[in-house]
Amino acid sequence: MKSIVYCLVLCLVGLGQFAKAQGKVTEQQKTEFAKGNQDPKFLKEYIEALKADGREDALNEAVDRYLMALPLNERYAGENLTYFLEYINGLNAKSFTDVIEHWGDIRLTGEQAEKVTEKINDVCKTTFFQSLFREREGIECPDVDCSSLAAALKKSAIPVPGVRRQFIEMWQSWKEKKVDDMICAFEQLFSYPIVTEANEKKEGAFQFDTMMDGVILGNMMNYILERCNFDQCSSMFKIIDQVIEKNGRDGFWSTIGKSRDNFEGKKMMMEMGEE
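Attention here is on the structure that accompanies the text. Because the structure is a prediction, the values reported are computed rather than measured.

Criteria and cut-off values
- Residues numbered from 1 in each chain as written.
- Predicted model: local features only at pLDDT ≥ 70, side-chain atom pairs only at ≥ 80, totals over all residues.
- Heavy atoms only, no water.
- Core = buried A, V, L, I, M, F, W, Y, C linked by side-chain atoms within 4.5 Å.
- Buried < 20%, exposed > 50% of the residue type's maximum accessible area, 1.4 Å probe, protein only.
- Contact = heavy atoms within 4.5 Å.
- Axes fitted to C-alpha atoms, helices over the stretch in contact; angles between N-to-C directions.
- Helix = DSSP H or I, 4+ residues; strand = E, 2+ residues; numbered from the N terminus.
- Parallel < 35°, antiparallel > 145°, perpendicular 65-115°, else oblique.
- Nonpolar A, V, L, I, M, F, W, Y, C, P; charged D, E, K, R; others polar.
- Salt bridge = Lys/Arg side-chain N within 4 Å of Asp/Glu carboxyl O.
- 1 Å grid on protein atoms, 1.4 Å probe; cavity = no way out; pocket = protein on both sides within 12 Å on 5 of 7 lines; lining within 4 Å.
- Points joined across faces, edges and corners; volume = space filled by probe spheres on them.

Ranked by internal contacts, the top residues of the largest apolar core, which has 82 residues, are L217 and I256. Discounting residues that sit within four places of it in the chain, L217 has contacts with F167, M170, F186, F190, F208, F252 and I256.

Okay, the packing of helix α11 (residues 179–189) against helix α13 (residues 230–247) next. Two elements in contact, α11 and α13, have axes whose closest approach is 11 Å; the angle formed by their N-to-C orientations is 10 degrees. What the angle tells us is that α11 and α13 run roughly parallel. From α11, V179, D180, I183, F186 and E187 reach across to α13, where they touch Q232, S235, M236, I239 and I240. Classifying every residue of the contact of α11 with α13 by side-chain character gives six nonpolar, two polar and two charged.

Before going further, it helps to spend a moment on the pattern of salt bridges. Close approach of charged atoms allows side chains of opposite charge to pair. Enumeration according to the criterion identifies 16 salt bridges in this entry. Where K267 meets E271, a salt bridge forms, and the shortest distance between an N and an O atom there is 3.3 Å. You can see K267 and its partner E271 sitting in helix α14 (residues 252–271), four residues apart, about one turn around the helix. Members of the salt-bridge network, linked through shared partners, are D241, R249, R260, D261 and E264.

Moving on, we come to the layout of surface pockets. By volume, the second largest pocket is sized at about 160 Å³. E114, T117, E118, N121, D122, P159, P161, F206 and Q207 are the residues that line the second largest pocket. Elements represented by at least two residues in the lining of the second largest pocket include exactly α8 (110–134) and β2 (206–207). In terms of residue count, the dominant contributor to the lining of the second largest pocket is α8 (five residues). Residue classes in the lining of the second largest pocket are distributed as three nonpolar, three polar and three charged.

Laid out in structure tokens, this is it:
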């Protein structure tokens, strides 16, 4: 009997601790945040409450508002930089574009700068990849608009890799259904050195993610294939032919080679007047 009572006491204590650990976010905080409260002290407390409750889904918006409420010289300093690196995970976050626009005004160590550029690269890649799986069947172009991001990158010296910049340009041109601009970005993308294997090393080369980047690029190339006229098709065939000549057809490049064959086939069909 004593052992049963003891077990019950332990369970009640455990439940009490669990309840204590939950519900850190108060109704008042929820109301104030929904009203748009911009006070840094309030937002910092709200962020800590969200973290205590395990509300990872809400941290992107809360951290973004907190960072943008701070003066620039504090925004990405110390713990605030950690907040940015850990919790900003969407292209729609104002701080995501802000850090690019103010790159020359932000004081970071070499290691911190590298982490920020890696963050930007990873968020772009992940956002584009996830977007493709949210799309309903039959949608011609993606729902993610990165026009502000693309514009900020053009004016910024932030060391985001050239390949990623061209991915962003090509994506936005896809969003706007501008095939000529997509082809231009595609050509520029392959003007930079690229490695496709994790153990492959080449100084200054971009590490191409054959799964995420490969799927994104494949979808964009398929859109061009479906929509291109004869001149556009000829341009893509020529560009891909040069890429294959330079890199061969092994591994990832075999996929690019298949696209080359598809554009060649469409080009021949157009020449014969069958498409």
